[in-house]
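Chain by chain, the residues run as shown.
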Number of protein chains: 2
Amino acid sequence: MPELRIDGARLCHSLEQLGAVGSYEEESTGLKGVNRLALTNDDRAGRQLVKRWFEEAGLTVRVDAIGNTYGRRAGREDDATPVMSGSHIDSVPTGGRFDGPLGVLGALEVVRTLNGAGVTTRRPIEIGFFTDEEGSRFGTDMLGSATACGRIELDTALALRDANEISVGQELSRIGFRGSARPRLDPPHAFVECHIEQGPILDARGMELGVVTGVQAIHWRELTIRGKSAHAGTTPMELRRDAGRAIAHIQVALDEMITSGRYGAGMRATIGRITLRPNLVNVVPGRASCTIDLRNPSDEAMARACEELRARLDGIAQNLGVEITGRETAATASVSFDERVRTLIAERMVAAGIKHEDILSGAGHDAQEFASICPAAMIFVPGQFDGISHNPREYSTPEACTAGIQILLDTLVTLANED
Amino acid sequence: MPELRIDGARLCHSLEQLGAVGSYEEESTGLKGVNRLALTNDDRAGRQLVKRWFEEAGLTVRVDAIGNTYGRRAGREDDATPVMSGSHIDSVPTGGRFDGPLGVLGALEVVRTLNGAGVTTRRPIEIGFFTDEEGSRFGTDMLGSATACGRIELDTALALRDANEISVGQELSRIGFRGSARPRLDPPHAFVECHIEQGPILDARGMELGVVTGVQAIHWRELTIRGKSAHAGTTPMELRRDAGRAIAHIQVALDEMITSGRYGAGMRATIGRITLRPNLVNVVPGRASCTIDLRNPSDEAMARACEELRARLDGIAQNLGVEITGRETAATASVSFDERVRTLIAERMVAAGIKHEDILSGAGHDAQEFASICPAAMIFVPGQFDGISHNPREYSTPEACTAGIQILLDTLVTLANED
């Protein structure tokens, strides 16, 4: 077998081309960001482009009923369970060009490299992109891969609605990505995903790549607060039922929970979205909603934190005379990636002379869904500017991307040639 | 002179007809609310209706350069300075049908009653409605009356912009209410306004009407907070610069300022509007804005409160690593209404056997602008349901409205017959 080297320039060019789809200029900085919210017209344009590239690379393409799109490269023993790789191409509304696409176009670059060298692996290789990994539009992240791996039922996934009450099913049909392939996957031989770190750690520690040990537990909650709207000038403070003020108290409760140390140093909490009604300078908000994003490396600590949060919400509701109702919009347990595949990845990094270390993922990824059905693992590529992500400044160097995808190639080929 | 009795049924019918303009049904309750935000198409429709009624009542109508619309009823000595009355017909987006219209249509009912009885007063009577009293759209309340009475320059008022960067001047031209009359008024003989209380006090104390002693000081501030947007899963808490969290800390500071008692029992503070960017469940907000509405009966206490608030904002900005900039969008000193006119009003209430008491206004009103150029005073009509206002539930009984406007009539006639 010839030495296989990926083409870093070709990879970066593909990243650039996909990054131009749904791109926008950030007002304050002039930087180009990406807005390819799942199942919008821009997401459709991105999907069509990548699907065409899959076809041009000679892959057999299938789209499943939740819009996951796969390209299959035949193996010498084509009945053997395939080795899989992939990620997502949807973005948050204010995203960058690397979060997701690196894993999809990196897997494509692996296929292109194998094609160029005329190499056929023993097992088939399947690459793909998964629907609404971000969860920014329909409220549930890893939607496509969770459906493929059995955590979410197809009907449930199709019925999810966005803020405008438009469903996943409607939008898949509209953009022509409600495919006929069965969404539930037979367990593949292994799944490996390359993704940007989206955090400051690897770069701060002078590492060129990271071997991901697992993913922390994630808990998302959407709260609705009902108080009573009233005139800001005439309503005495003690008669108010201020729904917006409740959110401030929730933020303080989360702050206290974190600084208490009761849930470990890795506990994180974010109120990312707030809506007030009627949202006017001189009206006490009668209605409010907000989201809470909790992360913790430990499932046990996360469970305790959720319990305290529930009790805190009850206390705040009582104190302020408001009603707080909530629903869990996402909850994933912490995940440990497969030790054998991790070791295999680390060995390839050692062989290539790449400085690397183990790292726990702070974000959710499609690979964690695969961890429930097959040996799965991930490679992290460090980012610049403290690893800023979900932001137009998101940036990983061509060298870092190339190094990560070279390791992806080496790992996938090794796995695909296994018995 | 015959006994003059206003026609309560005619008054209520007019309130109902104007209330149908820009009306909407509140989703959660099915109640009819009013949305006649200043200088929108619905405000134009309301203006056209009331202007037609002014004309039908035989008034000489003029529209000034800021859209204030006046109807003049000639006096026996038509060169004498007029007695004025009026209020506003714009509403907050989720308003009721009494806040403003009662004072405008009540003044019209006074004119209709005088017409019906064939009475001509010594002095002319001028009634009117003033542009954007609410300040909900262009951020500055009492805009029209403040321009008429000299607190705000015409050019400044015309240049104000709404959230979509559309200016007052543009909108006045568009809806056909950029009139040719000089906006600055010569001081009238007196100004009397009838308005709903918009609070719970009169009803709770069993009062049929209130004599308004003055208006508390009002301070509005619009804050912009710049932090750094970041991934909610991967960014350690200590590296965050969370612009949304700053608003929670501001709310807590306001709570502490109020409960400290340092600014008196009448101090009120409201964060009524919040915007986060990018406003996503899994992104630490990099940008946020909010409004602060402060009220205090004492100018001195208000000045001290503003000073503490500024210091608190600096502290929060430093603690959270964010930048907080702000601009004052409204600031009016407390106002004391004219003692002679107040006494005159109270005497009319005593003569009519109406249970009444003095009351300080929690809200700003057009009459407070007139207090700077002439003897001015107000009559308050109590509201039902704890005096809820800026809400579709806003309601004052026909009896209460009729009583208030009868006192307005008696007072205006007395003033208009003075030397």
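Residues numbered from 1 in each chain as written. Chains lettered and ligands numbered in written order. Predicted model: local features only at pLDDT ≥ 70, side-chain atom pairs only at ≥ 80, totals over all residues. Heavy atoms only, no water.

A short note on the overall build of chain A
So, step 1. Scanning chain A from N- to C-terminus turns up 12 helices and 18 strands.
So, step 2. Computed over the C-alpha atoms, the radius of gyration of chain A is 23 Å, within 12% of the 22 Å expected from 2.2 N^0.38 for a compact globule of 419 residues.
So, step 3. With the C-alpha coordinates of chain A rotated into their principal frame, the extents come out at 80 × 45 × 40 Å.
So, step 4. In chain A, which comprises 419 residues, the proportion classed as buried is 62%.
So, step 5. Summarising the internal contacts of chain A: among those between residues at least 6 apart in sequence, 79% fall at separations of at least 24. (Helix = DSSP H or I, 4+ residues; strand = E, 2+ residues; numbered from the N terminus. Rg over C-alpha atoms; globule rule 2.2 N^0.38 Å. Buried < 20%, exposed > 50% of the residue type's maximum accessible area, 1.4 Å probe, protein only. Contact = heavy atoms within 4.5 Å.)

Re the relation of the copies chain A and chain B
So, step 1. Mapping chain A onto chain B leaves a residual RMSD of 0.0 Å; the transformation is a rotation of 180° accompanied by 0.0 Å of translation along its axis. Classification of the inter-copy transformation places it as that of a two-fold axis. Residue A248 of chain A, judged by its C-alpha, is the member of chain A lying nearest the rotation axis, at 2.1 Å.
So, step 2. The overlap is high: 98% of the interface residues of chain A also sit at the interface in chain B, so the same surface is used on both sides. (Least-squares fit on C-alpha atoms with pLDDT ≥ 70 in both.)

Observations regarding the packing of helix α1 (residues 8-19) of chain B against helix α3 (residues 101-117) of chain B
All names here are of chain B.
So, step 1. The contact between α1 and α3 brings their axes to 10 Å, and the two run at 140°. By the angle class used here, α1 and α3 are oblique. Handedness of the α1/α3 crossing: right-handed. Along the contact surface, α1 presents R10, L11, S14, L15 and L18, while α3 presents P101, L102, L105, G106, E109, R112 and T113. (Axes fitted to C-alpha atoms, helices over the stretch in contact; angles between N-to-C directions. Parallel < 35°, antiparallel > 145°, perpendicular 65-115°, else oblique. Left-handed = near helix turned anticlockwise from the far one by under 90°.)

Thoughts on empty space enclosed by the protein
So, step 1. Evaluated as defined, the whole model comprises 4 cavities of 30 Å³ or more.
So, step 2. Empty space within the largest cavity amounts to approximately 110 Å³.
So, step 3. Forming the walls of the largest cavity are 14 residues, and the residues nearest its centre are I247 and A248 of chain A together with I247, A248 and I274 of chain B.
So, step 4. Of all the secondary structure elements, the ones that give two or more residues to the lining of the largest cavity are α8 (243-259) of chain A together with α8 (243-259) and β12 (274-277) of chain B.
So, step 5. No other element matches the 5 residues that α8 of chain A contributes to the lining of the largest cavity.
So, step 6. Class assignment for the residues of the lining of the largest cavity results in 9 nonpolar, 4 polar and 1 charged. (1 Å grid on protein atoms, 1.4 Å probe; cavity = no way out; pocket = protein on both sides within 12 Å on 5 of 7 lines; lining within 4 Å. Points joined across faces, edges and corners; volume = space filled by probe spheres on them. Nonpolar A, V, L, I, M, F, W, Y, C, P; charged D, E, K, R; others polar.)

A short note on the pairing of strand β4 (residues 69-73) of chain A
All names here are of chain A.
So, step 1. Burial analysis of β4 places 4 of its 5 residues in the buried class, the great majority of the element.
So, step 2. Bridge analysis of strand β3 (residues 60-63) against β4 gives 4 bridges, and the strand direction is antiparallel. Its bridge partner being in β4, T60 is matched across the sheet by R72.
So, step 3. Linking β3 back to β4 in an antiparallel pair, the connection comprises 5 residues, with G67 at a positive phi of about 90°.
So, step 4. Bridge analysis of β4 against strand β6 (residues 125-129) gives 5 bridges, and the strand direction is antiparallel. (Pairing = 2+ DSSP bridges.)

Some remarks on the interface of chain A and chain B
So, step 1. Each partner contributes to the interface: chain A provides 59 residues, whereas chain B provides 58 residues.
So, step 2. For the chain A face of the interface with chain B, the top three residues by lost area are H231, R268 and V281 of chain A, together amounting to 13%.
So, step 3. Where chain A packs against chain B, one counts 4 salt bridges.
So, step 4. Put simply, K228 of chain A and D386 of chain B hold a salt bridge, and the shortest N to O gap is 3.7 Å.
So, step 5. If you look at where chain A meets chain B, you find 20 residue pairs in polar contact (both at pLDDT 80 or more).
So, step 6. Secondary-structure elements contributing two or more residues to the side of chain A that touches chain B are β10 (230-231), α8, β11 (268-270), β12 (274-277), β13 (283-284) and β14 (287-296) of chain A.
So, step 7. A breakdown of the residues in the side of chain A that touches chain B according to their chemical character gives 26 nonpolar, 21 polar and 12 charged. (Buried area = accessible area lost by both parts, 1.4 Å probe. Salt bridge = Lys/Arg side-chain N within 4 Å of Asp/Glu carboxyl O. Polar contact = N/O pair within 3.5 Å; in protein donor to acceptor, adjacent residues only side chain to side chain.)

Comments concerning the pattern of salt bridges
So, step 1. Counted according to the given criterion, the structure contains 56 salt bridges over all chains.
So, step 2. A salt bridge links R304 of chain A to E300 of chain A, with the nearest nitrogen and oxygen atoms 2.6 Å apart. Here R304 of chain A pairs with E300 of chain A, and both are found in helix α9 (residues 299-320), just 4 residues apart, close to one helical turn.
So, step 3. E300 of chain A gets classed as partly exposed once you look at its relative accessible area, which sits at 47%.
So, step 4. Across the pair R312 of chain B and E308 of chain B runs a salt bridge whose closest N-O atoms are separated by 3.1 Å. Of the two residues, R312 of chain B and E308 of chain B both sit in helix α9 (residues 299-320), 4 residues apart, roughly one turn of that helix.
So, step 5. By relative accessible area, which is 24% here, R312 of chain B ends up partly exposed.

Observations concerning helix α2 (residues 41-56) of chain B
Residues and elements named next belong to chain B.
So, step 1. Across its 16 residues, α2 extends 23 Å between first and last C-alpha, which sits within 8% of the 22 Å expected from 1.5 Å per residue.
So, step 2. Turning to α2, its buried residues are D43, G46, R47, L49, V50, W53 and F54. Angularly, the buried residues of α2 cover 165° about the axis, an arc narrow enough to put them on a single face.
So, step 3. Tucked inside the fold, the buried residues of α2 contact α1, β3 (60-63), β4 (69-73), α3 and β6 (125-129).
So, step 4. Directly beyond the C-terminal end of α2, a positive phi value near 80° is found at G58. (Expected span 1.5 Å × (residues − 1). Arc of directions from axis to C-beta.)

A look at unusual backbone geometry
Leave glycine aside and you will find that most residues have negative phi; peptide bonds, for their part, are mostly trans.
So, step 1. With an omega of 0°, the peptide bond between R277 of chain A and P278 of chain A qualifies as cis.
So, step 2. Inspection of the secondary structure puts P278 of chain A in the loop between β12 and β13.
So, step 3. One non-glycine residue, D386 of chain A, lies in the positive phi region at around 60°.
So, step 4. Note that D386 of chain A resides in the loop between β18 (376-381) and α12 (398-416).
So, step 5. The exposure class of D386 of chain A is exposed, given its relative accessible area of 53%.
So, step 6. We note that H390 of chain B has phi near 55°; this positive angle belongs to a residue other than glycine.

Quick word on the side chain of S145 of chain B
Residue and element names in this part refer to chain B.
So, step 1. Note that S145 resides in helix α4 (residues 143-149).
So, step 2. Judged by its relative accessible area of 0%, S145 falls in the buried class.
So, step 3. Discounting residues that sit within four places of it in the chain, S145 has contacts with N68, F130, D366, E369 and F370.

A short note on the packing of aromatic side chains
Residues and elements named next belong to chain B.
So, step 1. Taken as a whole and assessed by the stated rule, the structure comprises 12 aromatic pairs over all chains.
So, step 2. With 5.8 Å between their ring centres and 85° between their planes, F98 and Y395 make a pair best called edge-to-face. Of this pair, F98 sits in the loop between β5 (83-87) and α3 while Y395 sits in the loop between β18 (376-381) and α12 (398-416); the two residues are 297 residues apart in sequence, bridging distant segments of the chain.
So, step 3. Between F130 and F370 the ring centres are 5.5 Å apart and the planes differ by 55°, which places this aromatic pair in the tilted class. Of this pair, F130 sits in the loop between β6 and α4 while F370 sits in helix α11 (residues 366-370), and the two are 240 residues apart along the sequence. Across the pair, F370 and F130 agree in class, each one buried. (Phe/Tyr/Trp six-rings, centres within 6.5 Å; stacked < 30°, edge-to-face > 60°.)

Things to note about the domain arrangement of chain A
All names here are of chain A.
So, step 1. Entries for chain A in the domain assignment read domain 1 (8-215 + 334-416) and domain 2 (217-332).
So, step 2. Taken over C-alpha atoms, the centre of domain 1 sits 33 Å from the centre of domain 2.
So, step 3. At the junction of the two partners, domain 1 supplies 15 residues and domain 2 supplies 11 residues.
So, step 4. Roughly 890 Å² of surface becomes buried between domain 1 and domain 2 when both sides are summed, with 46% attributable to carbon and sulfur atoms. (Domains from an automatic or database assignment.)

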